[in-house]
Amino acid sequence: MVSYKLLLLGLVFAGAVLQSINGKLSPTSYLPRCPNALSIVQDEVIAAIKNERRIGASLLRLHFHDCFVNVSTTSEVYPSFIHLHLSSDVLKFCTWGFLEKFQGCDASVLLDDTPGFIGEKTAVPNNNSLGGFEVVDRIKAKVEKACPGVVSCADILALAARDSVVHLGGPSWQVYLGRRDSTSASRSAASTSIPPPASNISSLLSSFAAQGLSLRDLVALSGSHTIGLARCTSFRARIYKDTTTDAVFAKSLQSNCPVTGNDNNLASLDLQTPTYFDNLYYKNLLKEKGLLHSDQELFNGTPADAMVKLYASNTFAFFYDFANSMVKMGNIKPLTGSQGEIRINCRKVN
């Protein structure tokens, strides 16, 4: 009987340990420890965009590509001891807790390859595609100078994404903070978790559902393509083979993106205002002028059509839903509490 009670107590204790490890994100996480953190990030983001306006889209994309790599990794096993005083005897009881770690919004995308480690930068969706790493480096250096070992690289990505959107004319939202940085990365997960530009609506919905995101989140977050550029390899099939492409629009892109060659030539995802965050992306979809196949799939005879029409006619509705969906995306399986670490250099583990 005593052993049964001890077992129950041990299991309860292990559960309590797990709960204490899983911290929560808070918008005021850095107020007592690094009160200037948010202003440092904002100032550096604005300076970077003023120097190169397209960098805002790169910083937003980094956050997306970081959060969407959301897979469970190896579990850690740790002992927990409790001491029970029963009459004159003291019993020491050991339980074993299992802490499953995840890769979500954890700055794994920032880790460089080393001779013994392969990160996510060379994954198919990221290779020769992502940018903004040097801006993150500068932000991290300034934050470390102000508050050593306090602000995570994952939180810098979340803040930089929000500040980029705001500076380019888009909505603001409250960024919840307290993420910690991963000590690992997964190139294979990055290659399979991030939806490719040739995705159809079914695969897009599946990819977003795997992250706990809805159809509304899919359509709203896709509006981030109102800023930024895409490589020829991402839209070549769209402008030569897709039957849902406006003919004049396709023709205007073919000289820059021929049938073969010039793979790295760039085109704006929103041809009219590629460095201003607005709702023209959705208006383009109504005219079959989405640059990527995955873009045009949002307006192609599915339930997504209604939301595209709404956002095309109502900027406020788009901004409201985009902000809410960014908060949801930023909360995809973050490392908190004692999980992970606070990297000193975002490109490598401590």
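In this text the structure is predicted, and so the values were computed from the model without any measurement. (Residues numbered from 1 in each chain as written. Predicted model: local features only at pLDDT ≥ 70, side-chain atom pairs only at ≥ 80, totals over all residues. Heavy atoms only, no water.)

Points about the overall build of the protein
Then, in step 1: From N to C terminus, the protein includes 14 helices and four strands.
Then, in step 2: Counting only residues that meet the buried cut, the protein has 50% of its 350 residues in that class.
Then, in step 3: In the protein, 77% of the contacts between residues at least 6 apart in sequence involve partners at least 24 apart.
Then, in step 4: Element-wise, carbon and sulfur atoms account for 56% of the exposed surface of the protein, whose accessible area totals about 16100 Å². (Helix = DSSP H or I, 4+ residues; strand = E, 2+ residues; numbered from the N terminus. Buried < 20%, exposed > 50% of the residue type's maximum accessible area, 1.4 Å probe, protein only. Contact = heavy atoms within 4.5 Å. Areas by Shrake-Rupley, 256 points an atom, 1.4 Å probe, with all protein chains shown as cover.)

What about the nonpolar core?
Then, in step 1: Core analysis: the biggest nonpolar cluster contains 75 residues, and L62, L110, F277, Y282, L298 and F322 have the highest contact counts within it.
Then, in step 2: A per-element tally of this core places helix α5 (residues 153-167) first, with nine residues.
Then, in step 3: Apart from residues lying up to four places away in sequence, L110 is in contact with L62, K121, F133, V136, C153, L157, R343, C346 and R347.
Then, in step 4: Of all hydrophobic cores here, the second largest spans twelve residues; its members include F249, A250, A267 and L291. (Core = buried A, V, L, I, M, F, W, Y, C linked by side-chain atoms within 4.5 Å.)

Let's talk about the environment of S325
Then, in step 1: Examined against the element boundaries, S325 turns out to sit in helix α14 (residues 315-330).
Then, in step 2: Classification of S325 as buried rests on a relative accessible area of 2%.

Considerations on the packing of helix α2 (residues 37-51) against helix α4 (residues 133-146)
Then, in step 1: The contact between α2 and α4 brings their axes to 10 Å, and the two run at 150 degrees. On the basis of the axis angle, α2 is roughly antiparallel to α4. Pair α2 / α4 crosses with right-handed handedness. Of the residues in α4, those in contact with I40, V41, E44, V45 and A48 of α2 are V135, R138, I139, K142, V143 and A146. (Axes fitted to C-alpha atoms, helices over the stretch in contact; angles between N-to-C directions. Parallel < 35°, antiparallel > 145°, perpendicular 65-115°, else oblique. Left-handed = near helix turned anticlockwise from the far one by under 90°.)

Some points on the side chain of D163
Then, in step 1: Along the chain, the position of D163 falls in helix α5.
Then, in step 2: On the accessibility criterion, D163 (5% relative accessible area) is buried.

Comments concerning the side chain of N279
Then, in step 1: Relative to the elements of secondary structure, N279 occurs in the loop between β4 (266-268) and α11 (280-286).
Then, in step 2: Leaving out residues up to four positions away in the same chain, N279 has contacts with Y311, A312, S313, N314, T315 and F318.

A short note on helix α8 (residues 215-222)
Then, in step 1: Across the eight residues that make up α8, a large majority, six, are buried.
Then, in step 2: Those residues of α8 that fall on the buried side of the exposure criterion are D217, L218, V219, A220, L221 and S222.
Then, in step 3: Tucked into the core, α8 has its buried residues touching α7 (201-209), α11, α13 (304-313) and α14.
Then, in step 4: Its side-chain oxygen at 3.3 Å from the backbone nitrogen of R216, S214 defines the N-terminal cap of α8. (Polar contact = N/O pair within 3.5 Å; in protein donor to acceptor, adjacent residues only side chain to side chain.)

With respect to the confidence of the model for the protein
Then, in step 1: Of all residues in the protein, 84% attain a pLDDT of 70 or more, and the chain-wide mean is 87.
Then, in step 2: This model gives residues 1-22 a pLDDT under 50, and the stretch forms 31 contacts once residues within four places in sequence are excluded.
Then, in step 3: Per-residue pLDDT stays below 50 along residues 73-100; that stretch engages in 68 contacts with residues further than four places along the chain or on separate chains. (pLDDT = per-residue confidence, 0-100.)

What to know about unusual backbone geometry
Then, in step 1: With a phi angle near 60 degrees, N128 is a residue other than glycine that sits in the positive phi range.
Then, in step 2: Relative to the assigned elements, N128 resides in the loop between β2 (89-103) and α4.
Then, in step 3: Phi at E288 is positive, roughly 60 degrees, even though this residue is not glycine.
Then, in step 4: The topology assignment puts E288 in the loop between α11 and α12 (293-296).

With respect to the pattern of salt bridges
Then, in step 1: As enumerated under the stated definition, the model contains twelve salt bridges in all.
Then, in step 2: K121 is paired through a salt bridge with D112; the nearest N and O atoms lie 2.4 Å apart.
Then, in step 3: Among the residues examined, K121 registers a relative accessible area of 15% and is labelled buried.
Then, in step 4: For D112, a relative accessible area of 26% gives the class partly exposed.
Then, in step 5: Here D217 ties to K328 by a salt bridge, and the two come within 2.7 Å at their closest N and O atoms. Here D217 is found in helix α8, whereas its partner K328 is found in helix α14, with 111 residues between them in sequence.
Then, in step 6: Classification of D217 by relative accessible area gives buried; the value is 4%.
Then, in step 7: According to the relative accessible area criterion, K328 is partly exposed, its value standing at 38%. (Salt bridge = Lys/Arg side-chain N within 4 Å of Asp/Glu carboxyl O.)

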